Amino acid sequence: MDYFQYKNNRLFCEDVSLDQIAETHGTPSYVYSKKTLERHAKAYLDSFSSENNLVCFSVKSCSNIAILEILKKAGCGFDIVSGGELKRALSIGADPSKIIFSGVGKSKGEIEYAIKNKILSFNIESGSELTRIEGIAKKLGIKASVSIRFNPEVDSGGHDYITTGRKGDKFGISSLNEVMQLVGHIRDSENLMMVGLACHIGSQILNLDSYKAAALKTIELADQVNNLGVKLEFLDMGGGLGVPYNNEVPPNPRELVEVLESVMKERKEVIVLEPGRTISANAGVLLTSVEYLKDDFLIVDAGMNDLLRPSLYGADHDVWNTNNNIKKSKNWNIVGPVCESSDFIRKDIFLSANEGDVLAVRTAGAYGFVMSSNYNSRPRGAEILVDGDKAHVIRSRETLEDLIALERLPND
Ligand SMILES: Cc1ncc(COP(=O)(O)O)c(C=O)c1O
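Residues numbered from 1 in each chain as written. Predicted model: local features only at pLDDT ≥ 70, side-chain atom pairs only at ≥ 80, totals over all residues. Heavy atoms only, no water.

**Student:** Where do I start with the layout of surface pockets in this structure?
**Tutor:** A water-sized probe, rolled over the atoms, reveals where empty space remains. Counted as a void, the second largest pocket has a volume near 390 Å³. Lining the second largest pocket we find 19 residues, and of these Met 1, His 40, Pro 244, Pro 253 and Thr 278 sit closest to its centre. Those elements that provide at least two residues to the lining of the second largest pocket are β1 (4–7), α2 (34–45) and α10 (277–280). (1 Å grid on protein atoms, 1.4 Å probe; cavity = no way out; pocket = protein on both sides within 12 Å on 5 of 7 lines; lining within 4 Å. Points joined across faces, edges and corners; volume = space filled by probe spheres on them. Helix = DSSP H or I, 4+ residues; strand = E, 2+ residues; numbered from the N terminus.)

This is the structure:
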């Protein structure tokens, strides 16, 4: 459930009209609802039957520091994939002991930054990465906490670009022999400490069977790790639960937690989850204005540089007119101003719209603004946070000056 609703035929975010936001702050703009973010975080946090859990919001899905602060206050830790995301989390006073560093390509600088800040764990994805972390920890005279992200060989379905738990996907370690060798190495190292096992099987997952299969493989592997004399602090089942972009009916966080708790009921380890999309997607919309009508095209002022998912994954976002009182409807292709044929926001959608109308592209809070770019030299839009009847600018719209601010002529 979210807090984007029509009141007297005008679309509101909580108690603020989206038309008002468009008028005051312009379009394209991302608008987030604080109440929705809190509600979604709580849906995870309240689902566990014991304290033995940690919900690390996946920063990559929506990384504005104002959003992170809300989720920190709600009780979340953070799942990060870069030094930049660590900087964001630390800047809002996140507890490093609730930060997990995922990703296949951590650089030396990022590892050093994270070790110095005493994060909970590096989820390592290769033997080479482990060697690098160990070397840096040794240089710093510190024991680095690591967990191994293994590949449970579960196909979670969905788009090829967001499936991660199969052999041949670049993520995780697929060979269980290699996992066990690494466990032995960590156990015997003076500069490493093994704290967990992790897996993440994909995104936009719509059934719980693949989670159950992954959880069963995780506890089987945890037993083998224990047999080598290594006690684990946590088992991290990643993120990936789906959201209703259109008519999908994904399981809810409580159902996911019930499945995991039932598989893991005999375990002592903390259950870690890394949800992104389920917390942030339906907490945000992209507001865009209709510039022109042409044949079946609605040409709007947001393009693939503002919302990449339709072009990248063929993702279908629902689109609502902020004015629900327009009678004449037809099927439109909603396209942006970017000079690419793949620049579309939504194809073939039944909608009422006129020039000058403001549209809300729904479920855009996750992998929306974070994937935006300056392609075609288009300044990124603003980010606005609604809290009750107040709208706060949490990232200013970029200006034309911003576009060239870091550039230099060679002989300057
Ligand atoms: C390691 C890891 N954890 C968590 C997530 C968050 O996934 P989602 O936003 O689908 O919940 C991702 C997304 O790709 C990921 O790679």
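**Student:** Please clarify how the site of the ligand should be interpreted in this entry.
**Tutor:** Around the ligand, 14 residues are found, and the nearest of them are Ser 203, Gly 240, Glu 274, Arg 277 and Tyr 367. Contacts to the ligand include Ser 203, whose side-chain N or O atom sits 2.6 Å from an oxygen atom. In the model, an oxygen atom of the ligand is placed 2.9 Å from a nitrogen or oxygen of the Gly 276 main chain. In isolation the ligand has 400 Å² of accessible area, and contact with the protein removes 92% of it. Its residues assigned to classes, the shell around the ligand shows two nonpolar, seven polar and five charged. (Near = heavy atom within 4 Å. Polar contact = N/O pair within 3.5 Å; in protein donor to acceptor, adjacent residues only side chain to side chain. Areas by Shrake-Rupley, 256 points an atom, 1.4 Å probe, with all protein chains shown as cover. Nonpolar A, V, L, I, M, F, W, Y, C, P; charged D, E, K, R; others polar.)

**Student:** What am I meant to see in the domain arrangement of the chain here?
**Tutor:** Interface size is commonly expressed as the accessible area that is lost once the parts come together. For the chain, the assigned domains are domain 1 (4–32 + 281–404) and domain 2 (34–278). Every contact between the two is made by 24 residues of domain 1 and, on the other side, 21 residues of domain 2. Both sides of the domain 1 and domain 2 interface together cover about 2000 Å² of buried area, and 56% of this is carbon and sulfur. On inspection of domain 1 and its partner domain 2, the count reaches ten residue pairs in polar contact (both at pLDDT 80 or more). For the side of domain 1 that touches domain 2, the secondary structure elements donating two or more residues are α11 (309–313), β19 (382–387) and β20 (390–395). Here the side of domain 1 that touches domain 2 takes four residues from β19, the largest share from any one element. For the side of domain 1 that touches domain 2, the residue count by class is eleven nonpolar, five polar and eight charged. (Domains from an automatic or database assignment. Contact = heavy atoms within 4.5 Å. Buried area = accessible area lost by both parts, 1.4 Å probe.)

**Student:** Help me out: how do you make sense of helix α1 (residues 18–25) in this one?
**Tutor:** Given 3.6 residues per turn, any residue in an α-helix points the same way as the ones three and four places further on. Inspection of α1 places Leu 18, Asp 19, Ile 21 and Ala 22 among the buried residues, and these make up the whole buried set. One side of α1 carries all its buried residues, which in axial view fall inside an arc of 160°. More than 90 degrees from the buried face of α1, the exposed residues found are Glu 23 and Thr 24. Residue Ser 17 occupies the N-cap position of α1, its side-chain oxygen lying 3.3 Å from the main-chain nitrogen of Asp 19. (Buried < 20%, exposed > 50% of the residue type's maximum accessible area, 1.4 Å probe, protein only. Arc of directions from axis to C-beta.)

**Student:** Sorry if this is basic, but what is going on with the nonpolar core here?
**Tutor:** As a rule of thumb, nonpolar side chains are buried together in soluble globular proteins. Core analysis: the biggest nonpolar cluster contains 93 residues, and Phe 78, Phe 122 and Ile 148 have the highest contact counts within it. Per-element accounting of this core gives the leading share, seven residues, to helix α8 (residues 209–227). Here this core spans two domains, and each of domain 1 (4–32 + 281–404) and domain 2 (34–278) adds at least three residues to it. In contact with Ile 148, other than residues within four places in its own chain, are Ile 124, Ile 173, Val 179, Leu 182, Val 183, Ile 186, Met 194, Gly 196, Leu 197 and Ala 198. By size, the runner-up hydrophobic cluster in this structure holds 15 residues, among which are Phe 4, Val 285, Leu 287 and Val 358. (Core = buried A, V, L, I, M, F, W, Y, C linked by side-chain atoms within 4.5 Å.)

**Student:** Hey, could you run me through the sheet that holds strand β10 (residues 192–198) in this one?
**Tutor:** Across a sheet, paired strands are connected by hydrogen bonds in the backbone, their directions being either parallel or antiparallel. The strand order around the closed barrel formed by eight strands is β5-β6-β7-β8-β9-β10-β11-β12, and the pairing between neighbours is parallel. Averaged over all pairs of adjacent strands, the angle between their axes in this sheet comes to 30°, without regard to strand direction. Two strands pair when backbone bridges link them, and strand β5 (residues 53–58) and strand β6 (residues 77–80) are joined in this way by three bridges, in the parallel orientation. Residue pairing for β6: Phe 57 is matched across the bridge by Phe 78. (Pairing = 2+ DSSP bridges. Axes fitted to C-alpha atoms, helices over the stretch in contact; angles between N-to-C directions.)

**Student:** What is the right way to look at the sheet that holds strand β3 (residues 16–17) in this model?
**Tutor:** Pairing within the open sheet is antiparallel, and its three strands lie in the order β1-β2-β3. Each of the sheet's edge strands pairs with one partner strand only, and the pair in question is β1 and β3. Alignment of β1 against strand β2 (residues 10–13), held across four bridges, turns out to be antiparallel. Across the sheet, the residue bridging to Lys 7 is Arg 10, located in β2.

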